[in-house]
Amino acid sequence: MTSRRIISDEKTYLDKDDDKDNSQPSNIAPAVPAAVIWKLLGFTFAMITMPIGTYFLTVNAVFKGNSTFAGALAAIIANVVLVGYVVVAMKEDQSERLEEEEKQKKGL
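What counts, and at which threshold
Residues numbered from 1 in each chain as written. Predicted model: local features only at pLDDT ≥ 70, side-chain atom pairs only at ≥ 80, totals over all residues. Heavy atoms only, no water. UniProt positions renumbered as here; feature names shortened; annotations may be inferred. Helix = DSSP H or I, 4+ residues; strand = E, 2+ residues; numbered from the N terminus. Axes fitted to C-alpha atoms, helices over the stretch in contact; angles between N-to-C directions. Parallel < 35°, antiparallel > 145°, perpendicular 65-115°, else oblique. Left-handed = near helix turned anticlockwise from the far one by under 90°. Nonpolar A, V, L, I, M, F, W, Y, C, P; charged D, E, K, R; others polar. Buried < 20%, exposed > 50% of the residue type's maximum accessible area, 1.4 Å probe, protein only. Phe/Tyr/Trp six-rings, centres within 6.5 Å; stacked < 30°, edge-to-face > 60°. Expected span 1.5 Å × (residues − 1). Contact = heavy atoms within 4.5 Å. Polar contact = N/O pair within 3.5 Å; in protein donor to acceptor, adjacent residues only side chain to side chain.

Moving on, we come to the UniProt feature "transmembrane region" (unreviewed entry) in the protein chain. As annotated in UniProt, the feature "transmembrane region" (unreviewed entry) corresponds to residues 36-57 and 69-88 in the numbering used here. As a span, residues 36-57 carries 100% helix and 0% strand, and end to end its C-alpha atoms are 31 Å apart.

The following block contains the structure:
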């Protein structure tokens, strides 16, 4: 059996990738802005701490040992945090869209 010999003028599969134009610097910016990550972390922290804190603060102090009402209030607080996150995310999305529309209007 014979194997095919690589002629020096031919390029191997590894050398073919080197033909790309590398004159442009690579974009190392994060895909998601840091402000979005901080908002997500803040709402994650609120989603963990607020319902649990609400339950333990109200089970004995407000509802006098009735864990059903305290659990219900904790569930309501969790939903409030969730709705707050959705509202903030939608406002952020709308502001980005409005900025793009303003740029397009100025470009025309």
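On to the environment of leucine 57, then. If you trace the backbone, leucine 57 turns up in helix H2 (residues 34-61). Considering only alpha carbons, one finds leucine 57 and alanine 70, 13 residues apart in sequence, at a separation of 8.6 Å.

So, on to the packing of H2 against helix H3 (residues 67-107). One can describe the packing of H2 onto H3 by two numbers: an axis separation of 8 Å at closest approach and a directional angle of 165°. Relative to H3, the element H2 is oriented roughly antiparallel. Like other packed secondary-structure pairs, H2 and H3 cross with a definite hand, here right-handed. Looking at side-chain class alone, the contact of H2 with H3 contains 18 nonpolar, five polar and two charged residues.

Right, let's get into unusual backbone geometry. Positive phi outside glycine occurs at lysine 64, with the angle close to 50°. We classify lysine 64 as exposed; its relative accessible area is 72%.

Quick look at the packing of aromatic side chains now. Inspection of every chain in the model, using the stated rule, returns three aromatic pairs. Here the aromatic rings of phenylalanine 63 and phenylalanine 69 are separated by 5.9 Å at their centres, their planes lie at 55°, and the arrangement is tilted.

Turning our eyes to something else, we now look at H2. Over its 28 residues, H2 runs 39 Å from end to end, which matches the ideal 40 Å to within 8%, given 1.5 Å per residue. Inspection of H2 places Ala46, Pro51, Thr54, Thr58 and Val59 among the buried residues, and these make up the whole buried set. For H2, the elements touching its buried residues are H3.

Before going further, it helps to spend a moment on the side chain of threonine 58. Tracing the sequence through the fold places threonine 58 in helix H2. Beyond its immediate stretch of four places on either side in the chain, threonine 58 contacts Phe63, Ala70 and Leu73.

Quick look at H3 now. Taking 1.5 Å of rise per residue, 41 residues should cover 60 Å, and H3 covers 60 Å from first to last C-alpha, within 8% of that figure. Buried within H3 are the following residues: Ala70, Ala74, Ile77, Ala78, Val81 and Glu92. In this structure, the buried side of H3 is in contact with H2. Measuring from the side-chain oxygen of the N-cap residue of H3 to the backbone nitrogen of threonine 68 gives 3.2 Å; that N-cap residue is asparagine 66.

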